[in-house]
Amino acid sequence: MSVPRRIKSISEFHKLRNLPEPEHPLVSVVDYRLIQHDSSYDWDSLILDFYSISLKRTSNAKIRYGQQVYDFDEGVLFFMAPNQVFSITKSSDAAMQHAGWLLLFHPDFLWNTSLAKAIKKYDFFDYAVNEALFLSAKEESTLNGIIQNIEQEYQTNIDKFSQPIIISQIETLLNYADRFYQRQFITRQVSNHQILDRLERLLADYFDDGDLMHKGLPTVKYISDSLHVSPTYLRNLLQLLTGQSTQWHIHHKVIEIAKEQLSTTDRSVSEIAYNLGFEHPQSFSKLFKSKTNLTPLAFRASFNGWS
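Residues numbered from 1 in each chain as written. Predicted model: local features only at pLDDT ≥ 70, side-chain atom pairs only at ≥ 80, totals over all residues. Heavy atoms only, no water.

**Some points on the overall build of the protein**
Operational definition: Here a strand is any run of E in DSSP of at least two residues, a helix any run of H or I of at least four, and the numbering for each starts at the N terminus. Each residue's exposure class comes from its accessible area (1.4 Å probe, protein chains only) as a fraction of the maximum for that residue type: buried when under 20%, exposed when over 50%, partly exposed otherwise. Contact between two residues is taken to exist if any of their heavy atoms lie within 4.5 Å; hydrogens are not considered. Using a 1.4 Å probe, accessible areas were evaluated by the Shrake-Rupley method; residue-level cover was limited to the displayed protein chains.
Within the protein one finds 12 helices and 7 strands. Across the 307 residues of the protein, 45% fall into the buried class. Taking as baseline every contact in the protein between residues at least 6 positions apart, the subset at least 24 positions apart corresponds to 72%. Summed over all atoms, the accessible surface of the protein reaches about 16300 Å², with 49% contributed by carbon and sulfur.

The following block contains the structure:
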């Protein structure tokens, strides 16, 4: 695969997809049915210099994001921040069938507005495609209305009020999306709890492996990659299900095993620390005390005294 093509402007995106020139240089609503795919390429790999939010259904094609490929036969809401790479791959000789809309807005459009800083709080711009938002018909209708308002505003009223009105509409859309994501976390309890079960098994297998001295402690990235979700998505999911972060779950497992070894073996604190993947025993002791309010030796002494 060649180097991804960087699209610097919304006008350039329109040209690439054989669309009319955008009516506003920094914000555009695109009807997916009008997008044309260049049949001379089997795939396009792109990096956009602007934000995109899309509600789309695509047949005869798959979306590649990161290392995985996903179908878009069902409609989903999908968010991309600037500088994220994606590609579109035709799945057959048939023409791709698109439906839905695509909202594009450049970071320059956010200058001197409250959204310029606030947009960073919306974690779903960091989510991968398999964590995209599935909408009910009512939710989809709500967002469609907002998109129509944005399109109508830049088509008919480009004046000093246009930017703040469009910004407020985008912010409303993002706030609704935030609400809908929380709803999705709750309503998809079976799959969400499966992730939690897989996390617990993953940690148990990792620590049971017996090679922690060489592997070190598992990282959040290792855990999220193994579970095939983004670190941000996993953190948000675990916060909702357990009230704790991914790092907390890793540390909880470490302390659980450490307590067992301190209370049932005569290994030194240094031995236990190295066996658990710590390079320095002091780091282990500091973590243990922060989680238990006792040093490892004090825990061992209190446990032995109690027994």
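**Topic: the environment of L217**
Note that L217 resides in the loop between α6 (212-215) and α7 (220-227). Here L217 falls in the partly exposed class, since its relative accessible area comes to 24%. C-alpha separation for the pair L217 and G277, spaced 60 residues apart in sequence, amounts to 5.2 Å. Each residue touching L217, except ones within four places of it in the same chain, is listed here: Y206, F207, V254, L276, G277 and F278.

**Overview of helix α8 (residues 231-242)**
The criterion, for reference: To estimate how far a helix should reach, multiply one less than its number of residues by 1.5 Å.
Between the first and last C-alpha of α8 there are 16 Å, a value that for 12 residues agrees with the 16 Å anticipated at 1.5 Å per step. Taken residue by residue, α8 has T232, Y233, L234, N236, L237 and L238 as its buried positions. Just beyond α8, the residue with positive phi is G243, at close to 80 degrees.

**Remarks on the confidence of the model for the protein**
Applicable threshold: Note on scores: pLDDT gives the predictor's confidence for each residue, bounded by 0 and 100.
Mean pLDDT for the protein: 83, with 82% of residues reaching 70 or above. Per-element confidence in the protein ranges from a low mean pLDDT of 64 for strand β5 (residues 68-80) to a high of 94 for strand β2 (residues 27-31). Within the model, pLDDT remains below 50 along residues 65-73, and this stretch shows 28 contacts once partners closer than five positions in the same chain are excluded.

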